[in-house]
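Okay, here's what each chain looks like letter by letter:
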Amino acid sequence: GKDSLAHSVILTINKETGEIKHYKRCRSLVNIRKRLNFTQVENYIKTKTTETDWSPEVVENLDHLISVYRIMREYRDKNEKFLNLSTTEIRILRNDKTGEITGLERKKQGEADKMVEEYMLAANSTVGKELVNNRIPGIYRIHPEHFESKLQEFSQFVEDVFGLSTGDLSSGREACKC
């Protein structure tokens, strides 16, 4: 309900392929009309159940975001080298007043998490490409070439911890579908 200054990356996505066709970076003014949490969005994705205070506009926008995210993820899966691991997050619960640990919570990454991750990755990758293309200095991570022994060690770890086979990772194209 109030305006917030932001730096936005506005992406134009091909709805058929999921490819980013154009982008614009700009300073912007954002006014949040409805705040959703991951649990609400995950529940909506799984059951199409809406909260009582969701307007038709919220549902329409959410449906659009979900649809485009899925197409973008499919495009990235076909065209990029990435290992699609779904992990479980362990959160320590504590009483804010006393600092006492009250329990542990296990949270598996859901589709709502993946959707936000996909959009964040698209924005970050787009800005990274802009930096490189315009020879603007920036700090970002570049993964080194893989050593065979490290690939074997990683494959064994994935099999031991997740019970999954990675396949042949030496080409960078093979990856388990988790």
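Residues numbered from 1 in each chain as written. Predicted model: local features only at pLDDT ≥ 70, side-chain atom pairs only at ≥ 80, totals over all residues. Heavy atoms only, no water.

## Focus: the environment of Glu57
For Glu57, the location among the structural elements is in helix 2 (residues 56-79). Since its relative accessible area comes to 43%, Glu57 is described here as partly exposed. A polar contact of 3.3 Å, which involves the side chain of Glu57, links it to the side chain of Arg33. (Helix = DSSP H or I, 4+ residues; strand = E, 2+ residues; numbered from the N terminus. Buried < 20%, exposed > 50% of the residue type's maximum accessible area, 1.4 Å probe, protein only. Polar contact = N/O pair within 3.5 Å; in protein donor to acceptor, adjacent residues only side chain to side chain.)

## Notes on the packing of helix 1 (residues 38-47) against helix 3 (residues 111-133)
Across the interface, helix 1 lies against helix 3 with an axial gap of 8 Å and an inter-helix angle of 110°. Classified by the angle between their axes, helix 1 and helix 3 sit roughly perpendicular to one another. Seen from helix 1, the contacting residues are Phe38, Val41, Glu42 and Ile45; seen from helix 3, they are Glu111, Ala112, Asp113, Met115 and Val116. Partitioned by chemical class, the residues of the contact of helix 1 with helix 3 number six nonpolar, no polar and three charged. (Axes fitted to C-alpha atoms, helices over the stretch in contact; angles between N-to-C directions. Parallel < 35°, antiparallel > 145°, perpendicular 65-115°, else oblique. Contact = heavy atoms within 4.5 Å. Nonpolar A, V, L, I, M, F, W, Y, C, P; charged D, E, K, R; others polar.)

## Details of helix 2
Helix length check: helix 2, at 24 residues, gives a terminal C-alpha distance of 35 Å against a target of 34 Å (1.5 Å per residue), a fit within 8%. For helix 2, every residue scored as buried is listed here: Val58, Val59, Leu62, Ile66, Val68, Tyr69, Met72, Arg73 and Arg76. Where the residues of helix 2 are buried, they touch strand 1 (3-13), helix 1 and helix 3. (Expected span 1.5 Å × (residues − 1).)

## Structural notes on the packing of aromatic side chains
Each aromatic ring pair is summarised here by two numbers: the centre-to-centre distance and the angle between the ring planes. Counted by the stated rule, this structure contains one aromatic pair. When the ring centre of Phe38 is taken as reference, the NZ or CZ atom of Lys107 above it lies at 5.5 Å. (Phe/Tyr/Trp six-rings, centres within 6.5 Å; stacked < 30°, edge-to-face > 60°. Lys NZ or Arg CZ within 6 Å of the ring centre and 35° of its normal.)

## Describing the pattern of salt bridges
In total, this model carries twelve salt bridges according to the counting rule given. The salt bridge partner of Glu130 is Arg25, with a shortest N-O separation of 2.5 Å. One end of the pair, Glu130, is in helix 3; the other, Arg25, is in strand 2 (residues 20-31), and 105 residues separate them in sequence. Sharing partners across several salt bridges, the network here consists of Arg73, Arg76, Glu117 and Glu118. (Salt bridge = Lys/Arg side-chain N within 4 Å of Asp/Glu carboxyl O.)

## Details of the layout of surface pockets
A water-sized probe, rolled over the atoms, reveals where empty space remains. Put simply, the second largest pocket is a space of about 1300 Å³. Top element by residues in the lining of the second largest pocket is helix 2. It accounts for eight residues. Taken together, the residues of the lining of the second largest pocket break down into 20 nonpolar, seven polar and five charged. (1 Å grid on protein atoms, 1.4 Å probe; cavity = no way out; pocket = protein on both sides within 12 Å on 5 of 7 lines; lining within 4 Å. Points joined across faces, edges and corners; volume = space filled by probe spheres on them.)

## Some words on the nonpolar core
Counting residues in hydrophobic clusters, the biggest one holds eleven residues: Val41, Tyr44, Ile45, Trp54, Val58, Val59, Leu62, Ile66, Tyr69, Ala112 and Met115. When residues of this core are traced back to their parent elements, those giving at least two are helix 1, helix 2 and helix 3. A per-element tally of this core places helix 2 first, with five residues. Those residues in contact with Val59 that sit more than four places away from it in its chain are Tyr44, Thr50 and Trp54. (Core = buried A, V, L, I, M, F, W, Y, C linked by side-chain atoms within 4.5 Å.)

## As for unusual backbone geometry
Excluding glycine, most residues fall at negative phi; most peptide bonds, likewise, are trans. Positioned with a positive phi, Lys48 is a non-glycine residue whose angle comes to about 60°. By secondary structure assignment, the location of Lys48 is in the loop between helix 1 and helix 2. With a phi angle near 55°, Arg135 is a residue other than glycine that sits in the positive phi range. Mapped onto the secondary structure, Arg135 falls in the loop between helix 3 and helix 4 (148-162). Of the residues examined, Arg135 reaches a relative accessible area of 77% and is grouped as exposed.

## Side note on helix 3
When the terminal C-alpha atoms of helix 3 are compared, their 32 Å separation across 23 residues agrees well with the 33 Å that a helix rising 1.5 Å per residue should span. Inspection of helix 3 places Ala112, Asp113, Lys114, Met115, Glu118, Ala122, Ala123, Thr126 and Glu130 among the buried residues, and these make up the whole buried set. Buried-residue contacts for helix 3 involve strand 1, strand 2, helix 1, helix 2 and strand 4 (101-108). Looking one or two places after helix 3, you find Arg135, whose phi comes out positive at around 55°.

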